Amino acid sequence: MKFIIVFAALFAVALAAPAADVQIVKSESDVGPESFQYAYETSDGTNAQASGQLKNAGSEQEAIAVTGSFSFVADDGQTYTVNYVADENGFQPQGAHLPVAPEA
């Protein structure tokens with residue numbers, strides 16, 4: 001009985017393991033005191049890039065504004081892309097696959 005439980009557990013782990021190792025094929029970054037930017041791409045088709053800028057430095061309204069995007073290949077084989085802005089108004093994603101709220 002213990003053998004069956006151990007075998008089932010090992011079989012489940014084997015099924016959950018990734019099919020292949022994902023490698024980083026591109027990685028760039030530049031970080032400064034009031035701005036940053038980065039980009040990366042992996043061998044499985046995932047990529048992302050973003051840049052940010054500090055606004056209103058030293059004031060009570062100090063905030064960082066970030067613009068970026070990321071893409072990935074989903075289980076259905078489709079590539080999905082999300083473009084976003086993240087600033088004092090929050091995270092604002094846009095993508096063809098994302099639902100859109102109705103106009104007020």
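Look above for the structure.
Residues numbered from 1 in each chain as written. Predicted model: local features only at pLDDT ≥ 70, side-chain atom pairs only at ≥ 80, totals over all residues. Heavy atoms only, no water.

A few words now on the overall build of the chain. Summing up its helical and strand segments, the chain has one helix and six strands in all. Listed N to C, the secondary structure of the chain is α-β-β-β-β-β-β in terms of helices and strands. Across the 104 residues in the chain, those meeting the buried criterion constitute 13%. Contacts spanning at least 24 positions in sequence make up 10% of the contacts within the chain whose residues lie at least 6 apart. Summed over its atoms, the accessible surface of the chain is roughly 8200 Å², and 57% of this surface lies on carbon and sulfur atoms. (Helix = DSSP H or I, 4+ residues; strand = E, 2+ residues; numbered from the N terminus. Buried < 20%, exposed > 50% of the residue type's maximum accessible area, 1.4 Å probe, protein only. Contact = heavy atoms within 4.5 Å. Areas by Shrake-Rupley, 256 points an atom, 1.4 Å probe, with all protein chains shown as cover.)

This brings us to unusual backbone geometry. Most peptide bonds are trans, and most residues other than glycine sit at a negative phi. For N56, which is not glycine, the phi dihedral falls at a positive 55°. Among the secondary structure elements, N56 is positioned in the loop between β3 (47–55) and β4 (63–73). With relative accessibility at 46%, the residue N56 sits in the partly exposed group.

Another aspect to go through is the environment of Y40. Here Y40 lies in strand β2 (residues 35–42). For Y40, a relative accessible area of 33% puts it in the partly exposed group. For Y40 and S29, which are 11 residues apart along the polypeptide, the C-alpha to C-alpha distance reads 8.6 Å. With residues up to four places along the chain from it excluded, the contact list for Y40 reads K26, S27, T46, N47 and A48.

Sheets are built from strands that pair by backbone hydrogen bonding, the pairs being arranged parallel or antiparallel. Read from one edge to the other, the open sheet built from six strands follows the order β1-β2-β3-β4-β5-β6, with strand pairing classed as antiparallel. Every other strand in the sheet has two partners, leaving β1 (24–31) and β6 (90–94) as the edge strands with one partner each. Here the strands of the sheet are splayed against their neighbours by 10° on average, with no regard to which way each runs. Relative to β6, strand β5 (residues 79–87) runs antiparallel, the two being bridged by five bridges. Across the sheet, residue V85 finds its bridge partner in β6, namely Q92. (Pairing = 2+ DSSP bridges. Axes fitted to C-alpha atoms, helices over the stretch in contact; angles between N-to-C directions.)

A word on the packing of aromatic side chains. Counted under the stated rule, the structure contains five aromatic pairs. Measuring from ring centre to ring centre gives 6.4 Å for Y38 and Y40, while their planes differ by 10°; the resulting arrangement is stacked. With relative accessibility at 30%, the residue Y38 sits in the partly exposed group. Measuring from ring centre to ring centre gives 6.3 Å for F70 and Y84, while their planes differ by 45°; the resulting arrangement is tilted. (Phe/Tyr/Trp six-rings, centres within 6.5 Å; stacked < 30°, edge-to-face > 60°.)

Among the structural elements, K55 can be located in strand β3. Assessed through its relative accessible area of 41%, K55 is described here as partly exposed. K55 sits 20 residues away from S35 along the chain, and the two C-alpha atoms are 9.5 Å apart. K55 has contacts with Q61, E62, A63 and A65, leaving out every residue within four places of it along the chain.

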